[in-house]
Amino acid sequence: MAKSTAPTTKSKNRRWVWALWSALAGVVSAAAFLAVAELVTLLVAPESSPILAVGSFVIDIVPQPIKEFAIATFGEADKVVLLCSLGLAVTVAAAIGGILQFFARPFGLVVLVIAGALSTAATVTRAGASVLAAAPPVLGTLVGCAMLILLITRLRVWSGDAVAGSAARTGSPDAEAPAAREVGRRSFLIVTGAVGLSAVVVGIGARLLNATSASIDAARRELRLPEPRTTVAIPQGAEFEVDGLSPLITPNADFYRVDTALTVPAVDPSTWRLVIDGMVRKRVELSFDDLVGMGLDEYSVTLTCVSNEVGGGLVGNAIWQGVPIRDILKMAGPQTGADMVLSRSVDGYTASTPLESLTDDGLDAIFAVAMNGEPLPLEHGFPVRMVVPGLYGYVSATKWVTELKVTTFDADEAYWTPRGYSAQAPIKFASRIDTPRTGKPVVAGTVAVAGVAWAQTVGIDRVEVRIDDGDWQSATLSNPINSDTWVQWMMPWEATAGTHYVEVRAINKNGETQTEERAPIAPDGSSGWQRVLVTVSA
């Protein structure tokens, strides 16, 4: 049973004061834990940051509905929200640990040791963890425990508890108690301030140094790619000029980002390697120069995230430069019986892509190295990512790709498959209303109803719009670049004052009508017609 160490002097009437100071001691000790862990991470194990490992672990285990809620609610800020939430949780737990250590030793140390054990487990089980992966959280835990003992000991002297305890043991008078408590107060405040400031400086400095994105971004800016052998021809009439309509080519800065990386991986193209193995006749390993040296071509491909809701914005179109994946796979020679390629990112993420989607001569599945005329942005997979038309990104668009394993769907599964998503996920063709939008009133008169529609690998034949459950009316389509790219559509509407429902659906070139049936995001993408309520002012 733990020995009670509650203050025995007059200060016991001010328990809440000592609770606040002990909470601060706990937070400072946790800061020392994290600072030392980040410093050790910088020195011996760059992939083993405890806070990032725990964050990645949380991403892995949270239920699929929570993931969808986070993406829908916070968009690209979901990772920032997660890190802030983790920071808040660490702060609260550390404060509780400090209070327990002051009032009920040694339970504060128990809290810190449990936190260290959990962060160690999260770190050593991450993909690509080195033999030294345990060093940062273990050493951080030891330092954090030492700081907690040091600070709480000084705090107890300040509170008078330690002084009273010493007098009781020795039987000596307590005449020097005020002086001892003053020494304890100064000592506690000085050590707390010094440790706290040092932890902030060391921790933030180590994290910034460990995040080498700045140097990689410089390497990206200096990278000179060869001119593509072929370029995408944009046909006349491919883009309408309508306010509020998505541009034909999505700017890199506006292109959606959804992935599991808490921090953007920093991959130096000079050290990057692509390995193709598994069920192949020959293992292949390529450098970045090897890949680019095969010759680049341009491709216009629209990408869609499986988390895209009906009418959502997790879809974008870009012009990519890259090398056909089928050419690389031919070098390896897939064996008979293989039906899946498990692609792997440098951060351990995996995706399951049907082998036929990567070897089909009529499908432009590529290893992309450039996006809209410049090397891939870091957050979009620099230096190399996969782009596969017609498949949702979670089964095809692996960023920071470093390995392809030719295998079977029976033998292997990818990151999202055990988390409630289909192993194979062709994109459901869809249409979206960009303008007018709910909550943005328009003036009565001629109003342009416009948006985009996509049916990758097949193409859009027509788009139809109806107002207030009336007859379907054909919209005008822009001239498509190809069947892998979205098209714009628009229809003039003589809007009258009041509120109106505007609905859209698409028909693909196979004569199939976009399904009206609503389906959730999981397991293989949402579906349904988008319907918006528009307010028209007189």
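Our structure is the block above this text.
Below or above, wherever it landed, is the structure these notes cover. (Residues numbered from 1 in each chain as written. Predicted model: local features only at pLDDT ≥ 70, side-chain atom pairs only at ≥ 80, totals over all residues. Heavy atoms only, no water.)

### Things to note about the overall build of the protein
And step 1. Counting its regular elements, the protein contains 12 helices and 19 strands.
And step 2. In the protein, buried positions account for 51% of the 538 residues.
And step 3. For the protein, restricting intrachain contacts to residue pairs at least 6 apart in sequence, the fraction spanning at least 24 positions comes to 76%.
And step 4. Looking at the protein as shown, the accessible area adds up to about 24,000 Å², and 59% of this sits on carbon and sulfur atoms. (Helix = DSSP H or I, 4+ residues; strand = E, 2+ residues; numbered from the N terminus. Buried < 20%, exposed > 50% of the residue type's maximum accessible area, 1.4 Å probe, protein only. Contact = heavy atoms within 4.5 Å. Areas by Shrake-Rupley, 256 points an atom, 1.4 Å probe, with all protein chains shown as cover.)

### So, the sheet that holds strand β10 (residues 401-407)
And step 1. Here five strands make up an open sheet; going across it, the order is β2-β1-β10-β5-β6 and the pairing mixed. Strands with a single pairing partner mark the edges of an open sheet, and in this sheet they are β2 (284-287) and β6 (350-354). Averaged over all adjacent pairs, the angle separating strand axes in this sheet is 15°, with direction ignored.
And step 2. With four bridges joining them, strand β1 (residues 273-278) and β2 adopt antiparallel strand pairing. Note on β2: the bridge partner recorded for valine 275 is glutamate 285. (Pairing = 2+ DSSP bridges. Axes fitted to C-alpha atoms, helices over the stretch in contact; angles between N-to-C directions.)

### Let's talk about the sheet that holds strand β11 (residues 430-435)
Note on sheets: strands pair through backbone hydrogen bonds, and any given pair is parallel or antiparallel.
And step 1. Strand order across the open sheet formed by four strands is β11-β13-β17-β16, with antiparallel pairing between neighbours. Whereas interior strands pair on both sides, the edge strands pair on one side only; in this sheet they are β11 and β16 (476-477).
And step 2. Of the strand pairs in this sheet, β16 and strand β17 (residues 487-495) are connected by two bridges, and their pairing is antiparallel. Within β17, the residue paired with threonine 476 across the bridge is methionine 490.

### Some thoughts on a nonpolar patch on the surface
And step 1. On the surface, Phe107, Val110, Ile114 and Leu118 cluster together into a nonpolar patch covering about 370 Å² of accessible area.
And step 2. Residue placement: leucine 118 occurs in helix α5 (residues 107-124). (Patch = residues over 30% accessible without salt bridge, like charges linked within 9 Å, V, L, I, M, F, W, Y side chains within 5 Å. Salt bridge = Lys/Arg side-chain N within 4 Å of Asp/Glu carboxyl O.)

### Re the nonpolar core
And step 1. In terms of nonpolar packing, the biggest core is built from 83 residues, with Ile276, Trp320, Phe367, Tyr394 and Leu404 touching the most fellow members.
And step 2. Take this core: its biggest share by element is six residues, from strand β7 (residues 366-371).
And step 3. Counting 23 residues, the second largest nonpolar core, distinct from the first, contains Ala453, Ala455, Ile467 and Val504. (Core = buried A, V, L, I, M, F, W, Y, C linked by side-chain atoms within 4.5 Å.)

### Describing unusual backbone geometry
And step 1. Each neighbour pair has its own omega, and for threonine 435 with proline 436 the value is 0°, a cis peptide bond.
And step 2. Along the chain, proline 436 turns up in the loop between β11 and β12 (442-443).
And step 3. Look at the link from alanine 522 to proline 523: it is a cis peptide, with omega at 10°.
And step 4. Mapped onto the fold, proline 523 is located in the loop between β18 (498-508) and β19 (530-537).
And step 5. Look at asparagine 372: it is not a glycine, yet its phi comes out positive at around 55°.

### Points about helix α6 (residues 135-159)
And step 1. Taking 1.5 Å of rise per residue, 25 residues should cover 36 Å, and α6 covers 36 Å from first to last C-alpha, within 8% of that figure.
And step 2. Phi turns positive, to about 95°, at glycine 160, one or two residues after α6. (Expected span 1.5 Å × (residues − 1).)

### Topic: helix α11 (residues 325-332)
And step 1. Residues of α11 that are buried include every one of Ile325, Arg326, Ile328, Leu329 and Ala332, and no others. The buried residues of α11 occupy an angular sector of 160° when the element is viewed end-on, so they sit on one face.
And step 2. Of the residues flanking the end of α11, it is glycine 333, one or two places downstream, whose phi is positive at about 75°. (Arc of directions from axis to C-beta.)

### What to know about the pattern of salt bridges
And step 1. Counted by the stated rule, this structure contains 18 salt bridges.
And step 2. Among the ionic pairs, lysine 405 bridges to aspartate 412, the shortest N-O distance being 3.3 Å.
And step 3. Look at lysine 405 and you get partly exposed, because its relative accessible area is 28%.
And step 4. In this structure, arginine 531 engages glutamate 503 in a salt bridge whose closest nitrogen and oxygen atoms are separated by 3.3 Å. Here arginine 531, found in strand β19, pairs with glutamate 503, found in strand β18; they are 28 residues apart in sequence, far enough to count as distant.
And step 5. Look at the salt bridges and you will find they share partners, linking Asp461, Arg462, Glu464 and Arg505 into a network.

### Details of the packing of α5 against α6
And step 1. Remark: α5 packs on α6, axes separated minimally by 9 Å, with the N-to-C direction vectors making an angle of 170°. Between α5 and α6, the angle is such that the two are roughly antiparallel. Of the two elements, α5 crosses α6, and the hand of that crossing is right-handed. Where α5 approaches α6, its residues Gly108, Leu109, Leu112, Val113, Gly116, Ser119, Thr120 and Thr123 are matched on the opposing element by Pro137, Val138, Thr141, Gly144, Cys145, Leu148 and Ile149.
And step 2. Taken together, the residues of the contact of α5 with α6 break down into eight nonpolar, seven polar and no charged. (Parallel < 35°, antiparallel > 145°, perpendicular 65-115°, else oblique. Left-handed = near helix turned anticlockwise from the far one by under 90°. Nonpolar A, V, L, I, M, F, W, Y, C, P; charged D, E, K, R; others polar.)

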